[in-house]
Amino acid sequence: METTSCYIAFEGAEGCGKSTHAARLAAELGAVLTRETGGTAIGARIRAILHDTSVTDLADRAEALLTAADRAQHLQELVRPALAAGRHVVSDRTVYSTLAYQGYGRGLDVDELRHINGWAIDGQWPHLVLLLEVDPAVQAGRMHGRELDRFERESDDFHQRVRDGFARMAADDPDHWVVVDASAGIDEVYVAIRAAVHDRLGI
Ligand code: TMP
C-alpha cells in the first residue's frame, strides 16, 4: 500500500507531556519533528515576543496574528516541503492551539480565527490531532518549580477555558481528533498514542 505523507498534531495543556511523546513518535516514524510557535528561525523571533514576561500590553488580536504569522512561515518553510518530499511531519502544537488559547482562552471569535488561520496555512490542516488530556493536579505537579512564561502565568479560569476548548473541538470533529488520557505513566500513554496513529492513519 502506498503511504502518503501525514501531518500529525500534538495538542494539549502545558505539562501534558506532548513534547516528549511528539519526539518519540517522530523518531519511530522517521518523521520530521517540529513545533509551533518557534519551528523556524523567523518563528523563534516571533515566539520570543509571545513568551516574554516583560510584554504586558500585547493586544489579543496582535497575539493571535503573531501566532498565525509564525504558522504561515512554518507551513511554507518546513511543513509543506517535508510533506511534498514524502516525509511525515509531527508537530508539537499547531493551528488548534490558536483556536484554544486565543479563541476559547482569550475570547476571540473562534470561527474568525479558523478563517484567518485557514488562510495562514493555505488549507493545510493536520490529518490527525492527538489531544493529550491530563488531570490538572498531575499537571500542576509537573509544572512545579518551573519558571512560568507569559501564558503559563494566566489564571486558572483561562487554562480551564483552554482545556474545555480543546475538548470541545475534539468532540465536534471525532474523525480527525483522538483524545488520549495522558495522566498515566509515559510508556502507557505512548502505547495509546502509537495505537491511535496506526488505527487512524495506517502508519
Ligand atoms: P509550549 O511551546 O511550551 O507548549 O508553549 C507554548 C505556549 O504558547 C503555550 O502556553 C500555548 C501558547 N500558544 C498560544 O497561545 N497560541 C498558539 O497558537 C500556540 C502555538 C501556542
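Residues numbered from 1 in each chain as written. Predicted model: local features only at pLDDT ≥ 70, side-chain atom pairs only at ≥ 80, totals over all residues. Heavy atoms only, no water.

## Notes on the overall build of the protein
Helix and strand counts for the protein stand at eight helices and five strands. Rg of the C-alpha trace for the protein: 16 Å, near the compact-globule value of 17 Å for 203 residues, within the 12% margin. With respect to the three principal axes, the spread of C-alpha positions in the protein is 50 × 35 × 30 Å. Looking at the protein as a whole, 49% of its 203 residues qualify as buried. Summarising the internal contacts of the protein: among those between residues at least 6 apart in sequence, 81% fall at separations of at least 24. For the protein, the accessible area works out to roughly 10,000 Å², and carbon and sulfur atoms hold 51% of it. Of note, the protein has its 21 positive side-chain charges centred 3 Å away from the centre of its 32 negative side-chain charges. (Helix = DSSP H or I, 4+ residues; strand = E, 2+ residues; numbered from the N terminus. Rg over C-alpha atoms; globule rule 2.2 N^0.38 Å. Buried < 20%, exposed > 50% of the residue type's maximum accessible area, 1.4 Å probe, protein only. Contact = heavy atoms within 4.5 Å. Areas by Shrake-Rupley, 256 points an atom, 1.4 Å probe, with all protein chains shown as cover. Lys, Arg positive; Asp, Glu negative; His and termini not counted. Charge placed at Lys NZ, Arg CZ, Asp CG, Glu CD.)

## Description of the environment of alanine 41
Take alanine 41: it is sitting in helix 2 (residues 41–51). Residue classification places alanine 41 among the exposed residues on the basis of a relative accessible area of 59%.

## Quick look at the pattern of salt bridges
Taken as a whole and assessed by the stated rule, the structure comprises nine salt bridges. Salt-bridge contacts for lysine 18 lead to aspartate 92; the nearest nitrogen and oxygen are separated by 2.8 Å. Of this pair, lysine 18 sits in helix 1 (residues 18–29) while aspartate 92 sits in strand 3 (residues 89–92), placing them 74 residues apart in sequence. According to the relative accessible area criterion, aspartate 92 is buried, its value standing at 11%. A single network of salt bridges, built from pairs that share partners, joins Asp60, Glu63, Arg106, Arg150 and Glu154. (Salt bridge = Lys/Arg side-chain N within 4 Å of Asp/Glu carboxyl O.)

## Remarks on the packing of aromatic side chains
One pass over the structure, following the stated rule, counts five aromatic pairs. An angle of 80 degrees between the planes, with centres 6.3 Å apart, marks the rings of tyrosine 101 and phenylalanine 151 as edge-to-face. Here phenylalanine 151 lies in the loop between helix 6 (136–143) and helix 7 (156–172) and tyrosine 101 lies in helix 4 (residues 95–105), a separation of 50 residues in the sequence. By relative accessible area, tyrosine 101 is classed as buried at 4%. With centroids separated by 6.2 Å and ring planes inclined at 80 degrees, the aromatic side chains of tyrosine 101 and phenylalanine 166 adopt a geometry described as edge-to-face. Taken together, the positions of tyrosine 101 in helix 4 and phenylalanine 166 in helix 7 put the pair 65 residues apart, joining distant regions of the chain. Per residue, the accessibility class of tyrosine 101 equals that of phenylalanine 166, and both read buried. Grouped by ring-pair contacts, the aromatic residues Tyr101, Phe151, Phe158 and Phe166 constitute a single cluster. The ring centre of phenylalanine 151 lies 5.0 Å from the NZ or CZ of arginine 150, which sits over that ring. (Phe/Tyr/Trp six-rings, centres within 6.5 Å; stacked < 30°, edge-to-face > 60°. Lys NZ or Arg CZ within 6 Å of the ring centre and 35° of its normal.)

## Quick word on the layout of surface pockets
In this model, the largest pocket occupies a volume close to 550 Å³. The wall of the largest pocket is formed by 27 residues, among which Glu14, Lys18, Arg47, His51 and Arg93 lie closest to the centre. Elements with a minimum of two residues in the lining of the largest pocket: helix 1, helix 2, helix 3 (60–84) and helix 4. At four residues, the largest contribution of residues to the lining of the largest pocket is made by helix 4. Its volume calculated, the second largest pocket comes out at about 250 Å³. Considering the residues around the second largest pocket, the lining is formed by Glu14, Pro136, Gln139, Ala140, Met143, Leu148, Glu152, Glu154, Asp156, His159, Gln160 and Arg163. Contributions of two or more residues to the lining of the second largest pocket are made by helix 6 and helix 7. For the lining of the second largest pocket, a count of residues per class yields four nonpolar, three polar and five charged. (1 Å grid on protein atoms, 1.4 Å probe; cavity = no way out; pocket = protein on both sides within 12 Å on 5 of 7 lines; lining within 4 Å. Points joined across faces, edges and corners; volume = space filled by probe spheres on them. Nonpolar A, V, L, I, M, F, W, Y, C, P; charged D, E, K, R; others polar.)

## Quick notes on the site of the ligand
Taken together, 14 residues form the shell around the ligand, and within it Glu14, Arg71, Arg93, Thr98 and Gln102 come nearest. The contact in question runs from an oxygen atom of the ligand to an N or O atom on the side chain of arginine 93, over 2.8 Å. Relative to its unbound accessible area of 470 Å², the ligand is 92% covered by the protein chains. If you list the elements that add at least two residues to the shell around the ligand, you get helix 2, helix 3 and helix 4. For the shell around the ligand, the leading source of residues is helix 4, giving four residues. Considered class by class, the residues forming the shell around the ligand number two nonpolar, six polar and six charged. (Near = heavy atom within 4 Å. Polar contact = N/O pair within 3.5 Å; in protein donor to acceptor, adjacent residues only side chain to side chain.)

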